[in-house]
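Listed below are the residues making up each chain.
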Amino acid sequence: MTDKKSNAMWGGRFAAGPDAIMEAINASIGYDKRLAFQDITGSRAHAAMLATQGIITDSDAEVIREGLLTVLSEIESGKFEFSTALEDIHMNVEARLKEIVGEPAGRLHTARSRNDQVATDFKLWTRDQMDAAIQGLEALIGALLDQAEAGADWVMPGFTHLQTAQPVTWGHHMMAYVEMLGRDVSRFKDARARMNENPLGSAALAGTGFPIDRHMTAEALGFDRPTANSLDAVADRDFALEFLSCASITAMHLSRFAEELVIWSSAQFRFVTLSDRFSTGSSIMPQKKNPDAAELIRAKVGRIMGAMVALFTVMKGLPLAYSKDMQEDKEQVFDAADNLMLALAAMTGMVSDMTANVDSLRAAAASGFSTATDLADWLVREAGLPFRDAHHVTGALVALAESKGCDLPDLSLDEMKAAHSAITDDVFTVLTVENSVASRTSYGGTAPVQVRAQIARWKEALK
């Protein structure tokens, strides 16, 4: 009989007392049911291997295979009834399999443990998410390449400290994010290659005495090889941590771009117009068009990086091999993966739909003495001044222009020559923003010819 006082202490949520509390804290089926496809895929591969090795009969293996397909069909159709009493996806599937096929179901768990089973399921799921992230990143890169190609010649201000620095091209700015996201792709690919080892057959922690063929199940599940140490195999969650690390860096890159879109779409900048599909209005101010999608993307990095920190914290003090703490590994990864894919899709949509306001970009590029460095470079190149002296002369001319309320190209030749006698009329050819960007022809520079070369390189790489 349950003590009423205990019930009051625990609260109404756990009216059945400590047993209900233990069931609630111990069960993971509420979230690990997302591993159903991977669990059944791994079980089918395991059953086939057991039959090939003569550990179970071919007829039992066939019955198990058909039964697992029935279970999968029930799950996919929404007819499957998950039970918290059965704790996790593995026991839920196995219990239902026994209801369908009877005694052969009990042979499926030969030569494996839930420890290597969950490690295998989780690896398969995480590997799929890495593939999805790569595809999402490549779609976004494609959208950025389209923007870069359209605006390879459009001039805009380049910033440092969010202050006007030098003119760049729209295409060059878009390609900066292509490079960032390209590194993200390489990180996911690198992590995927490293994690592609099969834990199945490691059993609880020490391997098994049954004559299993781990290479067979590795090949069947698309792994490159079986894991080489059974202790490490069941205790390892590096693959999940690497996924979260890659996801966090990607989310940070998306957040940086989102921040720029928020700034650029403001009335003070007017660099871009975001489509109505990715903006919202104000409930009280009819003139407002809020870049909500960009702002939400900007926030995702906190959630995704938080998941990474949470899993690091779970894993940091665990002795080998498996501990129940590791049941806390999945929710963070599931949530981070969902939000990363949502952020990638939203950013791809925004980039595809956004319109650059070319006139506003050009006007901003021409302000703030953005060609001052071009003037200094001209003094070095044409007048033979050491760069530090050229820097000083240019600074004096910037101060003069600022006091007159004009920009550098608006100064007269006489005013220029008063700062240094070697200045000639030719200097004005480098003071336009178009000539400035065209001159930056070093590899990776902002010159349109360089931007187009990088676009072509990336298009070839994405084929």
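Owing to the predicted nature of the structure, the values given are computational and were not obtained by experimental measurement. (Residues numbered from 1 in each chain as written. Predicted model: local features only at pLDDT ≥ 70, side-chain atom pairs only at ≥ 80, totals over all residues. Heavy atoms only, no water.)

The sheet contact formed by strand 1 (residues 155–160) and strand 2 (residues 163–169) spans 6 bridges and is antiparallel. Within the sheet, the bridge partner assigned to Met156 lies in strand 2 and is Val168. Remark: 2 residues form the turn of the hairpin made by strand 1 and strand 2, two consecutive strands paired antiparallel; His161 in that turn has positive phi of roughly 60°. (Pairing = 2+ DSSP bridges. Helix = DSSP H or I, 4+ residues; strand = E, 2+ residues; numbered from the N terminus.)

Take the packing of helix 8 (residues 170–195) against helix 19 (residues 448–462) next. Two numbers describe how helix 8 lies on helix 19: the axes approach to 10 Å, and their chain directions differ by 35°. For helix 8 against helix 19, the interelement crossing comes out left-handed. Facing helix 8, whose interface residues are Gly171, His172, Met175, Val178, Glu179 and Gly182, helix 19 presents Val451, Gln454, Ile455, Arg457 and Trp458. The residue makeup of the contact of helix 8 with helix 19, split by class, is 5 nonpolar, 4 polar and 2 charged. (Axes fitted to C-alpha atoms, helices over the stretch in contact; angles between N-to-C directions. Left-handed = near helix turned anticlockwise from the far one by under 90°. Contact = heavy atoms within 4.5 Å. Nonpolar A, V, L, I, M, F, W, Y, C, P; charged D, E, K, R; others polar.)

Counted according to the given criterion, the structure contains 11 aromatic pairs. Considering the side-chain rings of Phe188 and Phe243, the 5.9 Å spacing of their centres and the 55° angle between planes classify their relative orientation as tilted. Here Phe188 is found in helix 8, whereas its partner Phe243 is found in helix 11 (residues 238–264), with 55 residues between them in sequence. Through pairs of rings, three or more aromatic residues link up here, namely Trp154, Phe159, Trp170, Trp264, Phe269 and Phe271. When the ring centre of Phe334 is taken as reference, the NZ or CZ atom of Arg34 above it lies at 4.9 Å. Positioned above the aromatic ring of Phe223, the side-chain terminus of Arg127 is 4.9 Å from the ring centre. (Phe/Tyr/Trp six-rings, centres within 6.5 Å; stacked < 30°, edge-to-face > 60°. Lys NZ or Arg CZ within 6 Å of the ring centre and 35° of its normal.)

On to the pattern of salt bridges. Counted under the stated rule, the structure contains 29 salt bridges. Among the ionic pairs, Asp88 bridges to Arg114, the shortest N-O distance being 2.7 Å. Here Asp88 is found in the loop between helix 5 (58–77) and helix 6 (89–101), whereas its partner Arg114 is found in helix 7 (residues 114–150), with 26 residues between them in sequence. On the basis of relative accessibility, which here comes to 8%, the residue Asp88 falls in the buried class. Residue Arg114 is classed as partly exposed on the basis of its relative accessible area of 29%. When salt bridges that share partners are traced, they join Glu87, Asp88, Arg114 and Lys324 into one network. (Salt bridge = Lys/Arg side-chain N within 4 Å of Asp/Glu carboxyl O. Buried < 20%, exposed > 50% of the residue type's maximum accessible area, 1.4 Å probe, protein only.)

Looking now at the domain arrangement of the protein. Per the domain assignment, the segments making up the protein are domain 1 (20–110), domain 2 (115–363) and domain 3 (368–462). A C-alpha centroid distance of 69 Å is found between domain 1 and domain 3. (Domains from an automatic or database assignment.)

Attention now goes to helix 12 (residues 292–315). Along its 24 residues, helix 12 runs 35 Å from first to last C-alpha, staying within 8% of the 34 Å computed at 1.5 Å per residue. When we look at burial in helix 12, the residues that qualify are Ala293, Ala294, Ile297, Lys300, Val301, Ile304, Ala307, Met308, Leu311, Val314 and Met315. Structurally, helix 12 contributes buried residues whose contacts are with helix 10 (230–235), helix 11 and helix 13 (330–353). (Expected span 1.5 Å × (residues − 1).)

This part covers unusual backbone geometry. The omega torsion across Leu320 and Ala321 is 5°, close enough to zero to call that bond cis. A positive phi angle is found at Glu87, which is not glycine, with a value near 70°. The topology assignment puts Glu87 in the loop between helix 5 and helix 6. According to the relative accessible area criterion, Glu87 is partly exposed, its value standing at 22%.

Bringing the nonpolar core into the picture now. Taken as a class, soluble globular proteins show a tendency for nonpolar side chains to be buried jointly. Judged by nonpolar contacts, the single largest core of 99 residues is most densely connected at Phe188, Phe257, Trp264 and Met347. Residue contributions to this core peak at 15 residues, all from helix 11. Listed in part, the 20 residues of the second largest apolar core include Trp378, Ala390, Val398 and Ala401. (Core = buried A, V, L, I, M, F, W, Y, C linked by side-chain atoms within 4.5 Å.)

By secondary structure assignment, the location of Gln450 is in helix 19. Exposure remark for Gln450: the relative accessible area of 15% places this residue in the buried category. Within the structure, the side chain of Gln450 is placed 3.2 Å from the backbone oxygen of Thr441, a separation counted as a polar contact. Residue contacts for Gln450: discarding those within four places in its chain leaves Arg440, Thr441, Ser442, Tyr443, Gly444 and Gly445. (Polar contact = N/O pair within 3.5 Å; in protein donor to acceptor, adjacent residues only side chain to side chain.)

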